[in-house]
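Chain by chain, the residues:
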There are 2 protein chains.
Amino acid sequence: MALQAFFKDYFPLIEAEMRACLPLPADALRVYYGMLHYHMGWSDEQFAPAHIKAGKRMRPMLCLLTCQAAGGVAQRALPAAAAIELLHNFSLIHDDIEDNSPTRRGRATVWTLWGVPQAINAGDGLFAIAHQALERLTQAGVEAARVLQVQVMFNRTCLELTHGQHLDIGFETRQSVTVAEYMTMIANKTAALIGASAAIGALVGDSERVDDYADFGRQLGLAFQIQDDILGIWGDEALTGKSASSDLATRKKTLPVLYGLERSERLRIVYAAPEMNVEAAVALLSEAGAREYAQAEAERHHSLALEALDRSGAGGEAGATLRELVASLLGRVA
Amino acid sequence: MALQAFFKDYFPLIEAEMRACLPLPADALRVYYGMLHYHMGWSDEQFAPAHIKAGKRMRPMLCLLTCQAAGGVAQRALPAAAAIELLHNFSLIHDDIEDNSPTRRGRATVWTLWGVPQAINAGDGLFAIAHQALERLTQAGVEAARVLQVQVMFNRTCLELTHGQHLDIGFETRQSVTVAEYMTMIANKTAALIGASAAIGALVGDSERVDDYADFGRQLGLAFQIQDDILGIWGDEALTGKSASSDLATRKKTLPVLYGLERSERLRIVYAAPEMNVEAAVALLSEAGAREYAQAEAERHHSLALEALDRSGAGGEAGATLRELVASLLGRVA
């Protein structure tokens, strides 16, 4: 309940903070900013105002909560929370081009509507705007030396995102990928930014246990991604909104798949066929114990996240809300 | 002569500063960093060391010179100079994809060698690394508040680059573009970063006339780009390394062309033909006075640059060297 109330209070503040960094001018740059408004879910493709649920805003919420749990005022971390969500969205614009994905959250992606050149460039713009969002920490009363520390963490995370994406793109054309390689990839592509969300909030909140918050976020990110991998194969179509076992149909190399391929010769044969028998693949994955393995791994990282959170000393109402957030993310079915 | 000596002294320092931000690891990220080393001219496509002249490094030189002309120590501005050159290079990786250019400086572009997805992502990485390069200003002894001012300027410039590129991509598919629209485009795409190079150097040098330095750099950038436009049509093939009037063959909308199209009905007809008669187009451009117009515009911005430099109070040996740099850029034939 505390979590719901926190979301309700802060969601509009996060949106407003992001909008403050993203004007929609009427001049020659209208299409440029219009593309970004569309991607953020704030407008339709004609740039008329819209309110489309474009993501859970989980990362900025985490940032605000760790700031408060560390004893700081959540509102002071708003510029950082906005920067993190803008960065996440920049990476989605480029990922959609790199993965050749025509849709995201049920809508056409930026590149399908405005073409690859404009989409690459708009993504670059959002990257720059994410950096600009951090500038507002100074106006929020965060001292210069602290802002620089936040930026060091932010920049390193940007780089890690690209490391992860580099590995992920490479996996597509490789015959075999090990579970260890996969874990390195998601540690960079997914967990790094969730770790930074927690750490940056704690940093703005003047925590002395920033490393513990970072570890908390990273472990949470790993658990979150593995959970996603499980839902991509065994999720309920009606709840996830994408067809069940869709990750199998596209031969996505996720944790359960890699675990199964390492162990089942028959699965390797099914996977090598030009037309994959998805039903057979699911059965073989289950037979190889891939679901149990992934579930156990998700739970292990979940526990490690909670241990790190305990070490961080996250307290008070925000500490409890953080634990509620962790539980809701792990218990999710979509 | 002073300019040559300055280049000779500082070129290796700039390269070393950039390399300090760009390791070449032996692990799973070797290809990732290898692509960036290749693009910077530091390696061949097998990632073996190479020394390929990849650009004039004009922007970082400008940054170091304005720092010194403002009374500062050039070496303190090295991290900013490196950041600017890295940013410029990031934008080239993405521009080459967006413009579908298979070669740059006589070599295959990153996307032709490693594919569009990896090239987009490598460009993003270089963008992040450019931001990391700025972090080293603190180690160079620049105080935190000043570093933040540099970043504000840097971030705004990143955004302006994407504004310019957005307009430029849009021009390609438009029937007509006005000279005024073109000037707005190059002010963002080219002049903004050259302006920032001068302004950031002055800022690190504790100048109180940063705006004059910015204006100097922007005017220089406009003159530089217009000069480029002239060389793209009337340049000497043997010196520019690209076929004369190549900008016409690709129907690039440069200043002389737009000026000519506004004034010559016959040129509009030649331009509308499926197979363009390049020789006829050159003759019509000359007849319309497009070359004289562009030359006069280049000279006008050149003069404005020198006036701004005078106002800035740029003095001493570095001031003289800056004037030499301006003269060399405007007198260039390639």
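Residues numbered from 1 in each chain as written. Chains lettered and ligands numbered in written order. Predicted model: local features only at pLDDT ≥ 70, side-chain atom pairs only at ≥ 80, totals over all residues. Heavy atoms only, no water.

1. Quick notes on the relation of the copies chain B and chain A
(1) Moving on: Between the two copies, chain B and chain A, the superposition gives an RMSD of 0.0 Å; the rotation angle is 180° and the shift along the axis is 0.0 Å. Seen this way, the second copy is the image of the first under a two-fold rotation axis. No C-alpha of chain B approaches the rotation axis more nearly than that of Ala144 of chain B, which lies at 2.8 Å.
(2) Moving on: Both copies present the same face, since 100% of the interface residues in chain B are matched by interface residues at the equivalent positions in chain A. (Least-squares fit on C-alpha atoms with pLDDT ≥ 70 in both. Contact = heavy atoms within 4.5 Å.)

2. Focus on the interface of chain B and chain A
(1) Moving on: Contact with chain B, which involves 40 residues of that partner, is made by 40 residues of chain A.
(2) Moving on: For the chain B and chain A pair, buried surface summed over both sides reaches about 3,500 Å², with 66% attributable to carbon and sulfur atoms.
(3) Moving on: Ranking the residues of chain B by area buried against chain A places Leu148, Leu159 and His166 of chain B at the top, with a combined share of 16%.
(4) Moving on: The tally of links from chain B across to chain A stands at zero salt bridges.
(5) Moving on: At the junction of chain B and chain A, the tally comes to 15 residue pairs in polar contact (both at pLDDT 80 or more).
(6) Moving on: No other element matches the 17 residues that helix H7 (residues 144-172) of chain B contributes to the side of chain B that touches chain A.
(7) Moving on: Looking at the side of chain B that touches chain A residue by residue, the class counts come to 22 nonpolar, 14 polar and four charged. (Buried area = accessible area lost by both parts, 1.4 Å probe. Salt bridge = Lys/Arg side-chain N within 4 Å of Asp/Glu carboxyl O. Polar contact = N/O pair within 3.5 Å; in protein donor to acceptor, adjacent residues only side chain to side chain. Helix = DSSP H or I, 4+ residues; strand = E, 2+ residues; numbered from the N terminus. Nonpolar A, V, L, I, M, F, W, Y, C, P; charged D, E, K, R; others polar.)

3. Re the packing of aromatic side chains
(1) Moving on: Within the structure shown, the criterion is met by 13 aromatic pairs over all chains.
(2) Moving on: Ring plane angle 75° and centroid distance 4.8 Å describe the contact between Tyr32 of chain A and Tyr33 of chain A, whose orientation is recorded as edge-to-face. A single burial state applies to Tyr32 of chain A and to Tyr33 of chain A, both of which are buried.
(3) Moving on: Through pairs of rings, three or more aromatic residues link up here, namely Phe90 and Phe127 of chain A together with Phe90 and Phe127 of chain B.
(4) Moving on: For Arg107 of chain A, the ring lying beneath its charged end belongs to Tyr38 of chain A, and the centroid distance is 3.9 Å.
(5) Moving on: If you follow Arg263 of chain B out to its NZ or CZ, it ends over the ring of Tyr259 of chain B, 3.9 Å from the centre. (Phe/Tyr/Trp six-rings, centres within 6.5 Å; stacked < 30°, edge-to-face > 60°. Buried < 20%, exposed > 50% of the residue type's maximum accessible area, 1.4 Å probe, protein only. Lys NZ or Arg CZ within 6 Å of the ring centre and 35° of its normal.)

4. Looking at the nonpolar core
Buried together is how nonpolar side chains tend to be arranged in soluble globular proteins.
(1) Moving on: Formed by 230 residues in total, the largest nonpolar core has its most connected members in Leu86, Ile200 and Phe216 of chain A together with Leu86, Ile200 and Phe216 of chain B.
(2) Moving on: When sequence neighbours within four positions are dropped, the list of residues in contact with Phe216 of chain A reads Leu62, Thr66, Ala198, Ala305, Ala308, Leu309, Leu322 and Val326 of chain A. (Core = buried A, V, L, I, M, F, W, Y, C linked by side-chain atoms within 4.5 Å.)

5. What to know about the pattern of salt bridges
(1) Moving on: The full count for this structure, using the stated rule, is 34 salt bridges over all chains.
(2) Moving on: We note a salt bridge from Arg323 of chain A to Asp310 of chain A, for which the minimum N-O separation is 2.7 Å. Residue Arg323 of chain A is located in helix H16 (residues 316-330), and its partner Asp310 of chain A is located in helix H15 (residues 290-312); the two are separated by 13 residues in the primary sequence.
(3) Moving on: Its salt-bridge partner being Glu297 of chain B, residue Arg300 of chain B comes within 2.9 Å of it at the nearest N-O pair. Of the two residues, Arg300 of chain B and Glu297 of chain B are both situated in helix H15 (residues 290-312); the distance of three residues between them amounts to about one turn of the helix.
(4) Moving on: Residue classification places Glu297 of chain B among the buried residues on the basis of a relative accessible area of 12%.
(5) Moving on: One salt-bridge network, in which partners are shared between bridges, spans Arg209, Asp212, Asp215 and Arg311 of chain A.

6. Comments concerning unusual backbone geometry
(1) Moving on: Notably, Phe47 of chain A is not glycine yet its phi reads approximately 75°, a positive angle.
(2) Moving on: Its location among the elements puts Phe47 of chain A in the loop between helix H2 (30-40) and helix H3 (58-69).
(3) Moving on: In this structure, Arg105 of chain B is a non-glycine residue whose phi angle is positive, near 50°.
(4) Moving on: With respect to the helices and strands, Arg105 of chain B occurs in the loop between strand S1 (103-104) and strand S2 (107-108).

All quantities given are derived from atomic positions and should not be read as evidence of function.
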